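Fold and geometry: a report
This is what each chain is made of:
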Amino acid sequence: MGSSKNIDELLYSEEHYADPYPLWERMRHESPVFFDKRLNAWLLTRYQDCVEAFANHKEFSNRLYSKTLGVVFGPTMLDKDGQEHVVQRRIVAPEFVGKRFEPYYEAIDRNARNLIEQFPDHGVVDLVNAFTTRLPVNVIVDMLGMDQSDHDRFHDWYTTMMAGLSVKDLLESQFSSDKQNLGVLAHKELADYVAPIINDRKSCPVDDLISKIVHAEAAGQKLTLTEIQAFISLLLVAGGETTDKGIANMWTQLLLNPDQLGLVLDDHELFDAAFSEMMRHSSPVPGQLRYSLNEVTFSGITIPPDQAVYIQLASANNDETVFKNPRSFKIDREDLHLSKERKVGHHGEEGRYGHLGFGLGKHFCLGYEMARVEAVMGSVLLSEKMKNPRLAPGADTSFVLKSGTRSPKEVLIEYDQA
Ligand code: HEM
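Below: a short report on this structure. A quick note: this is a predicted structure, and the numbers were derived from the prediction, not measured.

Observations regarding the overall build of the chain
- In terms of helices and strands, the chain carries 18 helices and 16 strands.
- Whereas a compact globule of 418 residues would reach a radius of gyration of roughly 22 Å, the chain reaches 21 Å, a difference of no more than 12%.
- Considered along the principal axes of its C-alpha atoms, the chain spans approximately 60 × 55 × 45 Å.
- Every one of the 418 residues in the chain was classed for burial, and the buried ones make up 45%.

Structural notes on the site of the ligand
- Around the ligand sit 24 residues, and of these Gly239, Gly246, Gly359, Cys365 and Gly367 come closest.
- Every element with two or more residues in the shell around the ligand is listed here: helix H14 (225-256) and helix H18 (368-385).
- Considering every element that reaches the shell around the ligand, the biggest residue donor is H14, with seven residues.
- For the shell around the ligand, the class distribution of residues is 13 nonpolar, ten polar and one charged.

Considerations on the sheet that holds strand E7 (residues 288-292)
- Within the open sheet, the five strands sit side by side as E1-E2-E10-E7-E3. Their pairing is mixed. In this open sheet, the two strands that pair with only one neighbour each are strand E1 (33-36) and strand E3 (60-61).
- Across two bridges, E3 lies against E7 in antiparallel orientation. Considered in E7, the bridge of Phe60 is made with Ser292.
- Where helix H4 (residues 47-55) meets the sheet, it contacts E1, strand E2 (41-44), E3, E7 and strand E10 (308-311), and its direction lies at approximately 125° from that of E10.

A few points about the pairing of E2
- Both faces of E2 are covered, namely the face carrying Ala41 and Leu43 and the face carrying Trp42 and Leu44.
- When E1 meets E2, the two strands line up antiparallel, connected through four bridges. In the strand pairing of E2, Asp36 is matched with Ala41.
- Linking E1 to E2, which pair antiparallel, is a turn of four residues; within it Asn40 sits at a positive phi near 60°.
- Taken together, the four bridges between E2 and E10 define a ladder with parallel strand orientation. Residue pairing for E10: Leu43 is matched across the bridge by Tyr310.

Things to note about helix H3 (residues 21-30)
- Taken residue by residue, H3 has Leu23, Trp24, Met27 and Arg28 as its buried positions. Angular distribution of buried residues about the axis of H3 spans 145°; they occupy a single face of the element. Exposed and facing more than 90 degrees away from the buried side of H3 are His29 and Glu30.
- Of the surrounding elements, those touching the buried residues of H3 are helix H1 (7-11), helix H2 (14-18), E1 and helix H17 (313-316).

Things to note about helix H12 (residues 177-203)
- The terminal C-alpha atoms of H12 lie 39 Å apart, and with 27 residues this matches the ideal 39 Å at 1.5 Å per residue to within 8%.
- Looking only at H12, the buried set comprises Gln180, Gly183, Ala186, His187, Leu190, Ala191 and Arg201.

Remarks on the environment of Ala186
- Relative to the helices and strands, Ala186 is located in helix H12.
- Note: C-alpha distance between Ala186 and Lys343 (157 residues apart in sequence) is 32 Å.

Side note on the sheet that holds strand E16 (residues 412-417)
- Read from one edge to the other, the open sheet built from three strands follows the order E4-E16-E13, with strand pairing classed as antiparallel. Both outer strands of the open sheet, strand E4 (123-126) and strand E13 (386-391), are each paired with one neighbouring strand and no more. Direction aside, the axes of adjacent strands within the sheet are offset by 35° on average.

What counts, and where the lines are drawn
- Residues numbered from 1 in each chain as written.
- Predicted model: local features only at pLDDT ≥ 70, side-chain atom pairs only at ≥ 80, totals over all residues.
- Helix = DSSP H or I, 4+ residues; strand = E, 2+ residues; numbered from the N terminus.
- Rg over C-alpha atoms; globule rule 2.2 N^0.38 Å.
- Buried ≥ 20, exposed ≤ 12 C-beta atoms within 10 Å, placed from the backbone.
- Near = placed C-beta within 6 Å.
- Nonpolar A, V, L, I, M, F, W, Y, C, P; charged D, E, K, R; others polar.
- Pairing = 2+ DSSP bridges.
- Contact = placed C-beta atoms within 7 Å.
- Axes fitted to C-alpha atoms, helices over the stretch in contact; angles between N-to-C directions.
- Arc of directions from axis to C-beta.
- Expected span 1.5 Å × (residues − 1).

See the structure below:
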């Protein structure tokens, strides 16, 4: 890293896009609370500061999401604060955890098997194309109770919506407008498509997620048609795109670290730990947005009110004061909590800290269990199909930052017949 350059210049350099971790390390030391003029936002890079920011629901609001995701698919729980958020989340949350979520394991298993069946018996496969971009969205389509023949259509909608979400200036909300317009259009098409199904489920509920959401209530409130339509789009983007990247990141790191790959191939139960380490080492979603309502101080620097603040959680997850040798991918880490996450996080019990890859606090990821089950179950089935998996010759393992996620464009795996 050319340390003679200043942080402003480096933040938008090719070298930072290719590997942001060296600059984040420098920022944690030199300027942990950094004002990025181009983005018009403050960047937090230290673990402790990011934990505090996620947990601070008094000084921070989530309202800026109405200028990013909200523009494409309308209001969702993500842009709500306080009681309004609590109620919206409580209406749908029970479906995504524990006993109520277990019936959907079957959809994960079936969809993963369907995709893997189409792999060649041996040779080379691009896991991104053949599996990761497909599994999460197919599972959501099934959970919602949509027709299997809709998989491709939903896949197109969610990729177009995703592309419409990039924002250039967080406070002024300047978008790359062509893509944004296409994103809005994709949401509209999807919303029109699901509207009659939602109405139908109101009078004739069946055993699917839409029926459950239509009839669920909290504090005497139900979601309106517009809110259900927006929630379905949120589900595809927040649940589809992210899990897609998560599985791709996990396999990339395993393939780049054959000793670690050997461990999970010998003992499939270790995919659970590999998932946690992936969330820390190669967080699929590198940061989250907040808006300061009052003055708020981190590492001795005070951020004024009415500012955009970017919680750079991927930097926090690689803070060397918390995780030893953070850039080494090790599934048997002694400093990381290695199984299911908690909404309030893990703060050093027995020397283990939680990763922040799913956020923390009230907006903690709704799909943390679903993402883990998909990645772990899918990976077990993949390793049953692919004997001796290895990086294919010429595979490009570089990570790309795009629409708020970071992952490789392809994961080319060569394998033998099982
Ligand atoms: C590896 C995969 C995933 C990653 C990395 C991820 C990441 C995140 C993060 C960082 C947040 C916090 C947002 C904030 O604090 O502003 C979040 C929230 C959320 N996630 Fe996930 N997520 C993943 C999978 C899923 C899945 C499978 C679903 C499907 C249900 C989902 C649905 C949501 C929703 C609805 C929220 C908003 C919760 C709220 O505002 O209360 N996510 N996710």
